[in-house]
Amino acid sequence: MPDPAVPPTPPVALSALLAREDLGLRQIAGPKDTNTVIHWAHTSEMADPYPYLLGGELLLSAGVHIPEAAGSGTYFDDYVSRIVAAGGAALGFGLAPVHDTVPRALVEACDTYELPLLEVPPQTTFSGVARAVWQLMAQARHAELRRVTEAQQSLAAAASRPDPVRAVLRQLAQRIGGWAVLYGPEGAESASAGRAPDGQGPEAACAGRAAEATAAGRAAEIAAAGREPGDVVRGALAGLAAVVRPSGPGTPTSATDTAAGTHLAAYALGAGQGFVLGVAAPHRDTGDHTIASVAAVLLSLLTGEHQSGSGAARSSALVRLLLGAEPEAVAPLLGSGGWLVVHGSPDAQPCDPVAAAALGAALGSPLVDLARDVVRVLVPADREPAPQPGWTLGVSAPATARDWLAADTQAARALSRARATRTPLHRHGAHRPALTDLLSPGEAEAHARALLAPLTPPLAETLRTWLSLHGSWDRTAVALAVHRNTVRQRIARCAALLGTDLDDPDVRMELWFALRHGER
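Below, the structure is looked at part by part. Quick caveat: nothing in here was measured; it's all calculated off a predicted structure.

### Some details on the overall build of the chain
Here comes step 1: Counting secondary structure elements, the chain contains 17 helices and 17 strands.
Here comes step 2: The buried share of the chain, reckoned over its 520 residues, is 43%.
Here comes step 3: Nonlocal contacts in the chain, meaning residues at least 24 apart in sequence, comprise 68% of its contacts between residues at least 6 apart.
Here comes step 4: By element, 54% of the accessible surface of the chain is carried by carbon and sulfur atoms, the whole surface being about 26500 Å².

### Concerning the sheet that holds strand β12 (residues 276–281)
Here comes step 1: Spatially, the 5 strands line up as an open sheet ordered β9-β8-β12-β11-β10, and their pairing is antiparallel. The sheet is open, and its two edges are formed by β9 (221–226) and β10 (254–259), each paired on a single side. Ignoring which end each strand starts from, the neighbouring axes of this sheet average 15° apart.
Here comes step 2: Bridge count for β10 against strand β11 (residues 262–268) is 6 bridges, and the pairing is antiparallel. Residue pairing for β11: Ser254 is matched across the bridge by Tyr267.

### Quick look at the pattern of salt bridges
Here comes step 1: Counted under the stated rule, the structure contains 14 salt bridges.
Here comes step 2: Across the salt bridge formed by Asp48 and Arg82, the nearest N and O atoms sit 3.1 Å from each other. Placement of the pair is Asp48 in the loop between β4 (40–43) and β5 (57–61) and Arg82 in helix α2 (residues 75–85), with a sequence separation of 34 residues.
Here comes step 3: By relative accessible area, Asp48 is classed as partly exposed at 30%.
Here comes step 4: With a relative accessible area of 33%, Arg82 lands in the partly exposed category.

### Structural notes on the environment of Ser247
Here comes step 1: Secondary-structure assignment places Ser247 in the loop between α7 (231–244) and β10.
Here comes step 2: Through-space distance from the C-alpha of Ser247 to that of Gly274 is 9.0 Å; in sequence the pair is 27 residues apart.

### Quick word on the packing of aromatic side chains
Here comes step 1: Scanning the entire structure with this criterion turns up 4 aromatic pairs.
Here comes step 2: Considering the side-chain rings of Trp339 and Trp404, the 6.1 Å spacing of their centres and the 90° angle between planes classify their relative orientation as edge-to-face. Taken together, the residues span a long stretch of sequence, with Trp339 in strand β13 (residues 339–346) and Trp404 in helix α12 (residues 404–421) at a distance of 65 residues.
Here comes step 3: Accessibility expressed as a relative area gives 2% for Trp339, which makes it buried.
Here comes step 4: We classify Trp404 as buried; its relative accessible area is 15%.
Here comes step 5: Following the ring pairs from residue to residue traces out a cluster consisting of Tyr75, Phe76 and Tyr79.
Here comes step 6: Sitting over the face of the ring of Tyr50, Arg82 holds its NZ or CZ atom 4.2 Å from the ring centroid.

### Points about the sheet that holds strand β2 (residues 26–29)
Sheet strands pair by backbone hydrogen bonding; their relative direction is either parallel or antiparallel.
Here comes step 1: Strand order in the open sheet formed by 5 strands is β2-β7-β6-β5-β4, with mixed pairing between adjacent strands. Strands at the two margins of the open sheet, each flanked by one partner only, are β2 and β4. Ignoring which end each strand starts from, the neighbouring axes of this sheet average 30° apart.
Here comes step 2: With 3 bridges connecting them, β2 and strand β7 (residues 117–120) associate as antiparallel partners. Bridge pairing in β7 places Arg26 opposite Glu119.
Here comes step 3: Relative to β4, helix α4 (residues 126–158) is tilted by about 165°, and along the sheet it contacts β4, β5, β6 (90–94) and β7.

### Here's the deal with the side chain of Gln410
Here comes step 1: Locating Gln410 in the fold gives a position in helix α12.
Here comes step 2: The residues touching Gln410, leaving out its near neighbours within four places in the chain, are Ser396, Ala397 and His428.

### What to know about the environment of Ala292
Here comes step 1: Looking at the element boundaries, Ala292 is found in helix α8 (residues 288–308).
Here comes step 2: Sequence separation of Ala292 and Leu155 is 137 residues, and the distance between their C-alpha atoms is 9.8 Å.
Here comes step 3: For Ala292, the contacting residues outside a window of four places in its chain are Leu172, Tyr267 and Leu277.

### Comments concerning the packing of helix α15 (residues 473–480) against helix α16 (residues 484–498)
Here comes step 1: At a minimum axis distance of 8 Å, the contact between α15 and α16 shows a crossing angle of 100°. Classified by the angle their axes make, α15 and α16 are roughly perpendicular. Of the residues in α16, those touching α15 at Trp473, Asp474, Thr476, Ala477 and Leu480 are Arg484, Val487, Arg488, Arg490 and Ile491.
Here comes step 2: Residue composition of the contact of α15 with α16, by class: 5 nonpolar, 1 polar and 4 charged.

### Quick look at the side chain of Ser154
Here comes step 1: Tracing the backbone shows Ser154 in helix α4.
Here comes step 2: The contacts of Ser154, once residues within four sequence positions are left out, are Gln171 and Arg175.

### Overview of α16
Here comes step 1: End to end, α16 covers 21 Å across 15 residues, agreeing with the expected 21 Å (1.5 Å per residue, within 8%).
Here comes step 2: If you check which residues of α16 are buried, you get Val487, Ile491, Cys494, Ala495 and Leu498. Projection of α16 onto a plane perpendicular to its axis shows the buried side chains occupying an angular sector of 95°, all on one side. The outward face of α16, more than 90 degrees from its buried face, is lined by the exposed residues Gln489 and Ala496.

How each quantity is defined
Residues numbered from 1 in each chain as written. Predicted model: local features only at pLDDT ≥ 70, side-chain atom pairs only at ≥ 80, totals over all residues. Heavy atoms only, no water. Helix = DSSP H or I, 4+ residues; strand = E, 2+ residues; numbered from the N terminus. Buried < 20%, exposed > 50% of the residue type's maximum accessible area, 1.4 Å probe, protein only. Contact = heavy atoms within 4.5 Å. Areas by Shrake-Rupley, 256 points an atom, 1.4 Å probe, with all protein chains shown as cover. Pairing = 2+ DSSP bridges. Axes fitted to C-alpha atoms, helices over the stretch in contact; angles between N-to-C directions. Salt bridge = Lys/Arg side-chain N within 4 Å of Asp/Glu carboxyl O. Phe/Tyr/Trp six-rings, centres within 6.5 Å; stacked < 30°, edge-to-face > 60°. Lys NZ or Arg CZ within 6 Å of the ring centre and 35° of its normal. Parallel < 35°, antiparallel > 145°, perpendicular 65-115°, else oblique. Nonpolar A, V, L, I, M, F, W, Y, C, P; charged D, E, K, R; others polar. Expected span 1.5 Å × (residues − 1). Arc of directions from axis to C-beta.

Below, the structure is given as structure tokens:
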């Protein structure tokens, strides 16, 4: 029987359902295993429910399908064996209105096939049992979400401590109840191509390869925390890390396996330097993957700094800026070439430090600033930002350090336009007219300053946004986060101060030209 297609909710322990006094359920047959779980409840009076089961169900039946002569044949054996073959987790038999007691042959069949059998009293409805299952699932889901949230907060706090890599690993190991290890770029080499020396059989060759993988894995370990596993698990985890270490197109970013009853997982860190996070735990809960993924994001940032030394360079750049150095003087400490400023706004919940760090990692930069409702990321110009799920992004034009402030303004305006047009990413200047290159920048800026002189900065910004959105009142209001009547009043004020007709396309074209050059 293949693994059941379980729902994305935590399973319910059968013991928790039996503990509900309001249901009055009683187990009368089958193994009383406290580890038995159910994923849903399903009612069926089919003599053969196999085609209608997905696996993991608590199957509920009142015995309507049972023929009168069932006790003298193989009916119950056939019935229970089919439930077990379909992956059913337990059977609940309802008393009344068809049967006053549970058939003895059904009890014996459930004992034979080791299927838990529950007696459902007359006062308990099947819908009430199903409702109790979903209530327990909701409680488990809530507890799991709370556990993941607390883990995220503790991992983020660990990343800010003096020895952040080891602090994150310690916190991860504690949260999953296992072992967490960081492998360096020089990880375990695959020994699968090795041959046994003369006189050694295949078993000796396998043992030798396992020993080599374990030794290589130990050599590649930079830091680890938690309860250390045995050599078998350690070697298997090192081998799994080699699978996800970047080796070309198509390399997976994560992988899972099981060795010696221990669940293993490996995550390639996003810094692109070959670091891998390995996790070994005695069990695998629903939220463990999410928790480990958060740790992988944080370690991606930390190992990126460790590998390139950019952490010290960033500190030096900050100190020099605070002491009065010009941006262009400190920019070389952060890397060579031009820069892009990216403004990101989460589509759903307010942003938190973990989400901001994840966005920076996805864009390939640790230079992240978290504000109240927007994340700003300084990205090298050679890394072309791509749309990110769950985010709306505005990207500036490439800029040198001297133009960082202007690029920041461009990114903010690009984000406003992306919000207004409901696009995941908008680049500043993506549709710049080529005719603007026919005039000298000095003349264009002088004309823009003279034409726009009567307007205050808020009015000029409203006019620029309104023109960029083709005169749409609603989309301009969204972009500026104001009421549409405020937009109408500001545009009317602009028309009065400029003494012109904003419905004239020639006037709009000239003002757009001025606004584009006046923002430089």
